[in-house]
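# Reading the structure
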Amino acid sequence: MRITLVHALKHSIAPIEASFAKLWPGARLMNLLDDSLSADLARDGGLSDAMTERFLALGRYAAGTGSDAILFTCSAFGPCIETVARAQAPMPVLKPNEAMVEQAAARGRTVGLLATFAPTLASMPQEFPASVKIVPKLAEGALAALDRGDRAGHDRLVAEASRDLRDCDLIALAQYSMAPAAALVSETAGRPVLTTPDSAVTKLKQMLL
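Just so it is clear, the model here is predicted, and its values are computed rather than measured. (Residues numbered from 1 in each chain as written. Predicted model: local features only at pLDDT ≥ 70, side-chain atom pairs only at ≥ 80, totals over all residues. Heavy atoms only, no water.)

## Concerning the pattern of salt bridges
In the structure shown here, the tally under the stated rule is 11 salt bridges. In this structure, D44 engages R43 in a salt bridge whose closest nitrogen and oxygen atoms are separated by 2.8 Å. Accessibility expressed as a relative area gives 41% for D44, which makes it partly exposed. You can call R43 exposed: its relative accessible area is 58%. Its salt-bridge partner being E102, residue K203 comes within 2.6 Å of it at the nearest N-O pair. Within this pair, whereas K203 is found in helix α10 (residues 196-208), its partner E102 is found in helix α5 (residues 98-107), the two being separated by 101 residues in sequence. Judged by its relative accessible area of 16%, K203 is buried. (Salt bridge = Lys/Arg side-chain N within 4 Å of Asp/Glu carboxyl O. Buried < 20%, exposed > 50% of the residue type's maximum accessible area, 1.4 Å probe, protein only. Helix = DSSP H or I, 4+ residues; strand = E, 2+ residues; numbered from the N terminus.)

Here it is, written out as C-alpha cells:
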C-alpha cells in the first residue's frame, strides 16, 4: 500500500514516519511538504477559497502518483481536507485528527486539547462531537523552540502547559510534531495522552488491510 503524507510543517514528518515504522512498517510512504501553507494561514488569519484550491491540487497530485490513501498531517486545515476527501472519493483521505478525535470521544467526556500552533485551536474543536467538552490550551513558545532545533525545550514547554489540563479525562496532542512529548506530558499531567500519528496509522491500517 502506498500512502501519501501531506505536511504543512517539516516537523510533522519524523513523528508520522516513526508511527508507521512502529505500527505499519509494510506501508510505502511518500512525503509532500509545503511549509508555506502554515505560514500563509498564520498571515491570513483564516482559510480561503485559494487555500482550498491549493489542497485540491495536492490531492490530485497524490492521486496521480497511484497512492492508495492520503493522510494530511496539518491540523488547522480541516475544511480544506474535507473538500479533498469529497473530490478523491472513494480513496481514503484522512484529516490528521479524525482518528484521534474518534478515540478521544470514545474514552472521555472532557478532553484537554493541547496545541503548539494557535490556528489549530480555532478549527480543531469543531471536529469533536458536541457531547465532548474541549479544554483548549496553547503551549506558548513551543513551536518556536522546535523551529530553532530545540526539541528538548519544545517538549518541556508542552509538558508545562499540560499542567493546566489535569482536570480533564485525557489529553489530546493536536500537532503531529508534539507526539515525541507524549510520555513527558503523561508524566507531568498524570492523564492518559493520545497522539495524532499513532491514531491515524491505526485507522488507515484498519481501512486498507
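## Examining the packing of α5 against α10
Where α5 contacts α10, the two axes come as close as 7 Å, and the packing angle between them is 100°. In terms of orientation, α5 lies roughly perpendicular with respect to α10. The residues of α10 that touch α5, namely those facing E98, A99, M100, E102 and Q103, are T196, S199, A200 and K203. Among the residues forming the contact of α5 with α10, the class breakdown is three nonpolar, three polar and three charged. (Axes fitted to C-alpha atoms, helices over the stretch in contact; angles between N-to-C directions. Parallel < 35°, antiparallel > 145°, perpendicular 65-115°, else oblique. Contact = heavy atoms within 4.5 Å. Nonpolar A, V, L, I, M, F, W, Y, C, P; charged D, E, K, R; others polar.)

## Concerning the side chain of D155
Structurally, D155 is set in helix α8 (residues 151-162). Sequence-distant contacts of D155, that is, excluding residues within four places in its chain, are made with P180, A181 and L184.

## Some points on the environment of M124
When you line up the elements, M124 lands in the loop between α6 (120-123) and β6 (133-138). Not counting residues within four places of it along the chain, the set of residues in contact with M124 comprises N97, M100, V101, L113 and A174.

## Points about the packing of helix α2 (residues 36-44) against helix α3 (residues 49-64)
Contact geometry of α2 with α3 gives a least axis separation of 12 Å together with a crossing angle of 165°. The angle between α2 and α3 places the two elements in the roughly antiparallel class. Crossing handedness for the pair α2 and α3: left-handed. On α3, the residues that touch S36, L37, D40 and L41 of α2 are M51, R54, F55 and L58. In terms of residue class, the contact of α2 with α3 is made up of five nonpolar, one polar and two charged. (Left-handed = near helix turned anticlockwise from the far one by under 90°.)

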